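Chain by chain, the residues run as shown.
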Amino acid sequence: MSEIRFVKADKLKDKPADMSKVKFGTVFTDYMFEMEYDEKNGWHDARITPYKDLAVSPANATLHYGQAVFEGMKAYRYNDGKQAAIFRPMTHLERMENSCKILDIPEFPLETVHEGLKKLIDIEKDWIPDGPGQSLYIRPVIFATDPYLGVSVSSMYTMLIILSPVAAYYANGFAPVKIMVEDKYVRAVRGGLGEAKTPANYAASLHAGMVAHEKGYDQTLWLDGVERKYIEEVGSMNILFKIDGKIVTPMLDGSILNGVTRRTVLAIAKEWGYETEERRISVDELKQYYESGKLEEVFGSGTAAVISPVSTLGYKGHDMTISGGKIGEFAQKMYDEIDGLHTGKVKDTYGFIEIVGEY
Ligand code: COI
């Protein structure tokens, strides 16, 4: 593909005066990355252009049938604010390629998108907030654009990368959450879309999330859609347990998102000398570990929150209190380590960080 064009904005926006008050995903930067696909030209016209609303056909295939995939990653002020860095960009883009395969979206030119992403972050690096836990959230999305109501794989697509400065996920400090085991609704099933980062999985989670809130819980613990026994995810995150000293997480079987933070946690835990297990784990088995005192910690992992410790697990009307209702030691240590890797306070011996700009 030819080089990435740059279209300059006439006027730049004011940046938020107080980042700590900015709600997640509400403020967007001056520029975005754009690229289109059609059958004649393939992916073409990669460019960085001023952030703007889009015009779509009322018959747009994504609006009606949801053929779309997205990603979520973050850029940080790195090395005492001297550089701009992205955390595991290629891992995210490769996962997006995998989501595209699941949704029958044509493979995109990885190197062009990677270059475009680096260029975009370099141009927008002044938008990366520098307070503790703050970052520039990066949201790539690909969506079908056929103006056609027939149910079929689209012949045209748009790819965008938009950027949103975000505050620390926990406004009042790193806080544990209450989760409810969901035995009525399911998020995804094996053979379905669960492994793809696609809007349908998030739409499927909304109603159960409302129900959990009404019952006084923060999030839903998803069970498998076939036997309704095995633990899959929590809210929109992966879930991990510390059981009798080991780090255990549900194995990937097609219905669980292959989380980048999940992979990061497993890699660090192994490096620290912990035994890790990726396997099926039923909620009844978990309850037995709880009852025998072996369930030491429960936490979610995702790009948005990084680590989300769980204080309460509600199951069949009974609450299990995890880690004495406090933040577990391992979860706290893992959060601090990943947070340190993000900013350069912890040396990156894993190759997770990609420097994309200098201040
Ligand atoms: C994440 O934890 O990174 C998520 O998937 C949430 C995001 C969709 C806002």
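Residues numbered from 1 in each chain as written. Predicted model: local features only at pLDDT ≥ 70, side-chain atom pairs only at ≥ 80, totals over all residues. Heavy atoms only, no water.

Asks: Mind showing me how you'd approach the site of the ligand here?
Replies: Around the ligand, a shell composed of Phe24, Tyr137, Arg139, Lys197, Tyr202, Ser236, Met237, Gly302, Thr303 and Ala304 is seen. Lys197 is positioned with one of its side-chain polar atoms (N or O) 2.9 Å from an oxygen atom of the ligand. Protein chains shield 83% of the accessible area of the ligand, which is 290 Å² for the free molecule. Grouping the amino acids of the shell around the ligand by side-chain chemistry returns five nonpolar, three polar and two charged. (Near = heavy atom within 4 Å. Polar contact = N/O pair within 3.5 Å; in protein donor to acceptor, adjacent residues only side chain to side chain. Areas by Shrake-Rupley, 256 points an atom, 1.4 Å probe, with all protein chains shown as cover. Nonpolar A, V, L, I, M, F, W, Y, C, P; charged D, E, K, R; others polar.)

Asks: I tried to follow the packing of helix 5 (residues 260-271) against helix 7 (residues 329-343) on my own but got confused; where do I start?
Replies: Packed helices, taken two at a time, are described by the angle their axes make and the gap between the axes. For the pair helix 5 and helix 7, the least separation of the axes is 11 Å and the interaxial angle reads 105 degrees. Judged by the angle between their axes, helix 5 and helix 7 are roughly perpendicular. When helix 5 is examined against helix 7, the residues Thr261, Thr264, Val265, Ile268 and Ala269 are found in contact with a partner set consisting of Phe330, Met334, Glu337, Ile338 and Leu341. (Axes fitted to C-alpha atoms, helices over the stretch in contact; angles between N-to-C directions. Helix = DSSP H or I, 4+ residues; strand = E, 2+ residues; numbered from the N terminus. Parallel < 35°, antiparallel > 145°, perpendicular 65-115°, else oblique. Contact = heavy atoms within 4.5 Å.)

Asks: Any chance you could explain the environment of Glu111 here in plain terms?
Replies: For Glu111, the location among the structural elements is in helix 3 (residues 110-123). Residue Glu111 is classed as partly exposed on the basis of its relative accessible area of 48%. In this structure, the C-alpha to C-alpha distance between Glu111 and Thr312, residues 201 residues apart in sequence, is 44 Å. (Buried < 20%, exposed > 50% of the residue type's maximum accessible area, 1.4 Å probe, protein only.)

Asks: Could you clarify how one ought to interpret the pairing of strand 3 (residues 42-50) in this entry?
Replies: Every regular strand shows the same layout, with side chains that alternate between the two sheet faces. Where strand 1 (residues 5-6) and strand 3 come together, two bridges link them in parallel fashion. From the neighbouring strand, Phe6 faces strand 3, where its bridge partner is Ile48. As judged from the seven bridges shared by strand 2 (residues 31-38) and strand 3, these two strands associate in the antiparallel manner. Note on strand 3: the bridge partner recorded for Tyr37 is Trp43. (Pairing = 2+ DSSP bridges.)

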